[in-house]
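Results of the structural survey
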Amino acid sequence: MSSFAAEGTHRDAFEAKDWVLFVLPGIIWGTSFLFIAESLKSFHPGMVTFGRILLGCVALGLMPKARTRIEKSDWGRVAAVGVFWLAFPMTLFPLAQLHITSGLAGMLNGSISVFAAIAASVLLKRLPGRFQMLGLGVGIIGVVLLGIPSLNSGGSKFSAALLVV
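Criteria and cut-off values
- Residues numbered from 1 in each chain as written.
- Predicted model: local features only at pLDDT ≥ 70, side-chain atom pairs only at ≥ 80, totals over all residues.
- Heavy atoms only, no water.
- Patch = residues over 30% accessible without salt bridge, like charges linked within 9 Å, V, L, I, M, F, W, Y side chains within 5 Å.
- Areas by Shrake-Rupley, 256 points an atom, 1.4 Å probe, with all protein chains shown as cover.
- Salt bridge = Lys/Arg side-chain N within 4 Å of Asp/Glu carboxyl O.
- Helix = DSSP H or I, 4+ residues; strand = E, 2+ residues; numbered from the N terminus.
- Buried < 20%, exposed > 50% of the residue type's maximum accessible area, 1.4 Å probe, protein only.
- Phe/Tyr/Trp six-rings, centres within 6.5 Å; stacked < 30°, edge-to-face > 60°.
- Axes fitted to C-alpha atoms, helices over the stretch in contact; angles between N-to-C directions.
- Parallel < 35°, antiparallel > 145°, perpendicular 65-115°, else oblique.
- Left-handed = near helix turned anticlockwise from the far one by under 90°.
- Contact = heavy atoms within 4.5 Å.
- Nonpolar A, V, L, I, M, F, W, Y, C, P; charged D, E, K, R; others polar.
- Core = buried A, V, L, I, M, F, W, Y, C linked by side-chain atoms within 4.5 Å.

**Here's the deal with a nonpolar patch on the surface**
Taken together, Phe-43, Met-47, Phe-50, Leu-54, Val-58, Leu-60, Leu-62 and Met-63 make up a surface patch of nonpolar side chains, about 830 Å² in accessible area. Residue placement: Leu-54 occurs in helix α2 (residues 45–61).

Set out below in structure tokens:
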């Protein structure tokens with residue numbers, strides 16, 4: 001096993017199906033920031049959030065396996081998750097994208113794993129291995145190097161970038 005990463009379950013070369021499964025989520029995820037930017041030309045940020053959540057509900061509603069009965073005793077927890085995991089963060093993106101580009105928003109969102117690893121290290125009071133530390137360092141440097149030019153162009157604001165992070 002490599003000391004660079006965890007052992008994977010798929011050791012064969014990628015087939016066409018594997019490449020589709022690898023690339024398609026990135027395309028879908030990445031274009032969401034473009035759609036937010038385009039939506040903000042016509043709608044208030046709160047309406048963009050509502051529309052995104054509504055479209056997600058409709059899409060999930062069309063999939064029978066996604067439908068499940070929720071016990072009444074769980075509705076409070078479901079509502080809390082809906083507010084703190086969906087409504088609140090999904091409102092921050094359109095608010096931020098009023099002042100930053102969709103490309104910067106997507107890049108910052110993609111860097112969340114770097115910040116999550118750093119937060120986990122702090123919370124666990126345990127440093128990652130040296131190769132992981134190197135990867136985190138490269139990730140932070142990359143975010144800074146890619147973010148600085150974006151913040152200096154097109155009226156981007158650092159405070160708006162923090163909303164994404």
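Back to the text.
**Focus: unusual backbone geometry**
In the Ramachandran plot, Lys-125 falls in the positive-phi region, its phi being about 55° despite a non-glycine side chain. Along the chain, Lys-125 falls in the loop between α5 (112–124) and α6 (130–151). For Lys-125, a relative accessible area of 77% corresponds to the exposed category.

**Examining the packing of aromatic side chains**
Across all of its chains, the model carries five aromatic pairs by this definition. Centroid distance Phe-14 to Trp-19: 4.9 Å. Interplanar angle 70°. Geometry classified as edge-to-face. On the basis of relative accessibility, which here comes to 39%, the residue Phe-14 falls in the partly exposed class. Each ring, one from Trp-29 and one from Phe-33, has its centre 5.3 Å from the other, and the planes form 80°; the classification is edge-to-face. Taken together, the residues Trp-29 and Phe-33, both in helix α1 (residues 16–39) and four residues apart, mark about one turn of the helix.

**Considering the packing of α2 against helix α3 (residues 75–96)**
Running from N to C, α2 and α3 cross one another at 130°; their axes reach a closest spacing of 8 Å. The angle between α2 and α3 falls in the class oblique. Of the two possible hands of crossing, α2 and α3 adopt the one that is right-handed. Every residue of α3 that contacts α2 at Pro-45, Val-48, Thr-49, Arg-52 and Ile-53 is listed here: Leu-86, Ala-87, Met-90, Thr-91, Phe-93, Pro-94 and Leu-95. Here the residues of the contact of α2 with α3 are counted per class, giving nine nonpolar, two polar and one charged.

**Let's talk about the nonpolar core**
Core analysis: the largest hydrophobic core is formed by 15 residues, its most contacted members being Ile-36, Ile-100, Leu-108 and Val-164. Put simply, the parts of the chain that give this core at least two residues each are α1, α3, α4 (102–110) and α7 (158–164). Top element by residues in this core is α4. It accounts for four residues. With near-sequence residues (within four places) excluded, Val-164 lies in contact with Phe-93, Ala-96, Ile-100, Ala-105, Leu-108, Asn-109 and Ile-112.

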